[in-house]
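Spelled out from the first residue to the last, the chains are:
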Amino acid sequence: MAEEREELTWELFGSASRELAQAIADDGFEPDLVLSIARGGLFVAGALGYALDVKNLHVMNVEFYTGVDERLDLPVMLPPVPNAVDLTGATVLVADDVADTGATLKLVRDFCADHVAEVRCAVVYEKPRSEVKCEYVWRHTDRWINFPWSVRAPVVRRAGQVLDA
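All of these numbers come straight from a predicted model, not from anything done at the bench.

S.K.: For this particular structure, what's the right way to read the overall build of the protein?
M.R.: Counting its secondary structure elements, the protein contains four helices and eight strands. Counted from the first residue to the last, the protein has its helices and strands arranged as β-α-β-α-β-β-α-β-α-β-β-β. Within the protein, the proportion of its 165 residues that are buried is 45%. Taking all contacts inside the protein whose residues are at least 6 apart in sequence as the whole, residues at least 24 apart take part in 69%. Of the roughly 9,200 Å² of accessible surface on the protein, 50% is carried by carbon and sulfur atoms.

Structure below.
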C-alpha cells in the first residue's frame, strides 16, 4: 500500500492562503514586506501579498531538497540574495509552502534577524519535526504533501532537477 499523502488542490490552497492571511490580520501583524522562499513559497507569498495588501514582495531561493524526503546536509542560499539594506528596519513576513525540517526557514529567518525590526513566518503546512515553529500555520501534518504546483510532471524536463520537491 502506498504511503498516504496530504493533498492540496488549487481550490483548497485558495482557502488556506485566505485563512492564513486572516490569522495574520487578526493577530495585528502588519508586514512591510513579504519574503518568499522559492519555489513553493512564491505562491504563498503572492496570495498573502494580495490578501494583506502588501505590494513589496522579495524572493530568496534556497536549495535543500534533492528528492522525496532527500535533502542536502544544510540548505544553501542561491543568488541573487536580497541585499540586507533593503530589509533594514522592516517588519517582514517570511512565506513558504511547508516547514518540514525547518532548516530552510531558520536560514532565512536568521538572515533577516539582524537587519529587520521583526520577522515572522507563515506556512501552509508545518511538520512536527520542524525546528522553526511558525507564527502562522494553516495545517499541521507529518505526511508528504502533494502541492498543486508540483504534483504534475513539468512540461519540459531539465537534467538534474528535482521533480517532487
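From this point, the narrative continues.
S.K.: Just to check I follow, could you spell out helix α1 (residues 10-26) for this structure?
M.R.: Within an α-helix, residues lying three or four positions from one another point in the same direction, as the helix has 3.6 residues per turn. If you check α1, its first and last C-alpha atoms are 24 Å apart, about what 17 residues at 1.5 Å a residue would give, namely 24 Å. Residues of α1 that are buried include every one of Phe13, Ala16, Ser17, Leu20, Ala21 and Ile24, and no others. The arc that holds the buried residues of α1, viewed along the axis, is 135°, so those residues lie on one side. For α1, the exposed residues lying more than 90 degrees away from the buried face are Glu11, Arg18 and Asp26. Tucked into the core, α1 has its buried residues touching α2 (40-51), β5 (91-99), β6 (118-126) and β7 (136-140).

S.K.: Please explain the pairing of β5 as it appears in this structure.
M.R.: Where a strand is regular, its side chains alternate between the two sheet faces. Within β5, nine of the nine residues are buried, which leaves it mostly tucked inside the rest of the structure. One ladder, built from four bridges, connects strand β2 (residues 33-38) with β5; its direction is parallel. Residue Leu35 lies in a different strand from β5, and its bridge partner there is Val94. Both β5 and β6 contribute to a ladder of eight bridges, which runs parallel. Along β6, the bridge assignment pairs Val92 with Val119. Handedness of the β-α-β unit built from β5, helix α4 (residues 103-113) and β6 comes out right-handed.

S.K.: Whenever I open this one, the pattern of salt bridges confuses me. Can you help?
M.R.: Two side chains that carry opposite charge are able to pair once their charged atoms sit near each other. Per the stated rule, a full pass over the model turns up nine salt bridges. Arg143 is paired through a salt bridge with Glu6; the nearest N and O atoms lie 3.0 Å apart. Of this pair, Arg143 sits in the loop between β7 and β8 (145-146) while Glu6 sits in strand β1 (residues 6-7), and the two are 137 residues apart along the sequence. On the basis of relative accessibility, which here comes to 8%, the residue Glu6 falls in the buried class. Ionic pairing is found between Arg120 and Asp27, a salt bridge with its closest N-O pair at 2.8 Å. Of this pair, Arg120 sits in strand β6 while Asp27 sits in the loop between α1 and β2; the two residues are 93 residues apart in sequence, bridging distant segments of the chain. Judged by its relative accessible area of 45%, Asp27 is partly exposed.

S.K.: Explanation requested: the packing of aromatic side chains in the structure shown.
M.R.: For any pair of aromatic rings, the description consists of the separation of the ring centres together with the inter-plane angle of the planes. Enumeration according to the criterion identifies nine aromatic pairs in this entry. Measuring from centroid to centroid gives 5.8 Å for Trp10 and Phe43, while their planes differ by 70°, and the two rings are edge-to-face. Here Phe43 lies in helix α2 and Trp10 lies in helix α1, a separation of 33 residues in the sequence. With relative accessibility at 47%, the residue Trp10 sits in the partly exposed group. The partly exposed category is assigned to Phe43, whose relative accessible area is 33%. Ring geometry for Tyr125 and Phe147: centres 5.9 Å apart, planes at 70°, overall edge-to-face. Of this pair, Tyr125 sits in strand β6 while Phe147 sits in the segment after β8, placing them 22 residues apart in sequence. Note on accessibility: Tyr125 and Phe147 belong to one class, buried. By the ring-pair criterion, three or more aromatic residues cluster together here, those being Trp10, Phe13, Phe43, Tyr125, Trp138, Phe147 and Trp149.

The rules we used
Residues numbered from 1 in each chain as written. Predicted model: local features only at pLDDT ≥ 70, side-chain atom pairs only at ≥ 80, totals over all residues. Heavy atoms only, no water. Helix = DSSP H or I, 4+ residues; strand = E, 2+ residues; numbered from the N terminus. Buried < 20%, exposed > 50% of the residue type's maximum accessible area, 1.4 Å probe, protein only. Contact = heavy atoms within 4.5 Å. Areas by Shrake-Rupley, 256 points an atom, 1.4 Å probe, with all protein chains shown as cover. Expected span 1.5 Å × (residues − 1). Arc of directions from axis to C-beta. Pairing = 2+ DSSP bridges. Right-handed = clockwise from strand over helix to strand, strands pointing away. Salt bridge = Lys/Arg side-chain N within 4 Å of Asp/Glu carboxyl O. Phe/Tyr/Trp six-rings, centres within 6.5 Å; stacked < 30°, edge-to-face > 60°.

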